[in-house]
Amino acid sequence: MTNVLVLNGPNLGRLGTREPDVYGSRTLADLADLLASDAPGHSVEVRQTEHEGELTGWLHEAIDTGSPVILNAGAWTHYSYAVRDAVAMTVAAGVPVIEVHISNPHAREEFRHTSVLSPVASGVIAGFGFDSYRLALSQLLR
């Protein structure tokens, strides 16, 4: 059994009510249910935080437990070198980290076009709504 950590950064706890035209109307709880149904026999743990240090701690935990990661770092994607360094450490330890985005950052505001995480992540999937997470999960369970 694989334990997959699905880590979400700031404001993603507001899915369902936050800009539904961009992020859709489903909630983080809906995402957890969807991913659990896509991974029978595996553990999928969906977490969300507003605190950067907590997210980096979860990435350290992934190293210690060998748990692959699906990461939607939210706004931290664009500027957090602490999260970037934690992702780099995780991948260097042989634990895959797939960066995901519900929307397509390249079709949005200019500041969203650059990710400090993409160069160190195992892969990037963006623009497919919750299916971005599902595609990442499918890849990790291959």
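Quick caveat: nothing in here was measured; it's all calculated off a predicted structure.

Reading the values: the criteria
Residues numbered from 1 in each chain as written. Predicted model: local features only at pLDDT ≥ 70, side-chain atom pairs only at ≥ 80, totals over all residues. Heavy atoms only, no water. Buried < 20%, exposed > 50% of the residue type's maximum accessible area, 1.4 Å probe, protein only. Helix = DSSP H or I, 4+ residues; strand = E, 2+ residues; numbered from the N terminus. Arc of directions from axis to C-beta. Contact = heavy atoms within 4.5 Å. Axes fitted to C-alpha atoms, helices over the stretch in contact; angles between N-to-C directions. Parallel < 35°, antiparallel > 145°, perpendicular 65-115°, else oblique. Left-handed = near helix turned anticlockwise from the far one by under 90°. Salt bridge = Lys/Arg side-chain N within 4 Å of Asp/Glu carboxyl O.

### Looking at helix α5 (residues 131-140)
Inspection of α5 places S132, Y133, A136, L137 and L140 among the buried residues, and these make up the whole buried set. In a view along the axis of α5, the buried residues occupy a sector of 135°, so they form one face of it. Packing partners of the buried residues in α5 comprise β1 (3-8), α2 (28-38), β2 (43-48), β3 (69-72), β4 (97-101) and β5 (123-126).

### As for the environment of M1
Mapped onto the fold, M1 is located in the segment before β1. Once the C-alpha coordinates of M1 and L31 are considered, the two residues, 30 residues apart in sequence, prove to be 20 Å apart.

### As for the environment of D21
One can find D21 in helix α1 (residues 20-23). Using a relative accessible area of 71% as the deciding quantity, one classes D21 as exposed.

### Re the packing of α2 against α5
Between α2 and α5, the least distance of the axes is 10 Å, while the angle of their chain directions is 30°. The orientation of α2 relative to α5 falls into the category roughly parallel. Regarding α2 and α5, the two cross each other, and that crossing is right-handed. Here L31, L34, L35 and D38 of α2 lie close against α5, whose contacting residues are Y133, R134 and L137.

### Some points on the pattern of salt bridges
Tallying each qualifying case throughout the model produces six salt bridges. Of the charged contacts in the structure, one is a salt bridge between D38 and R134, with a shortest N-O distance of 2.5 Å. Here the residue D38 occupies a position in helix α2, and R134 occupies one in helix α5, the gap between them amounting to 96 residues. Here E45 ties to R47 by a salt bridge, and the two come within 2.9 Å at their closest N and O atoms. For R47, a relative accessible area of 13% puts it in the buried group. By sharing partners, the salt bridges in this structure join D38, D131 and R134 into a single network.

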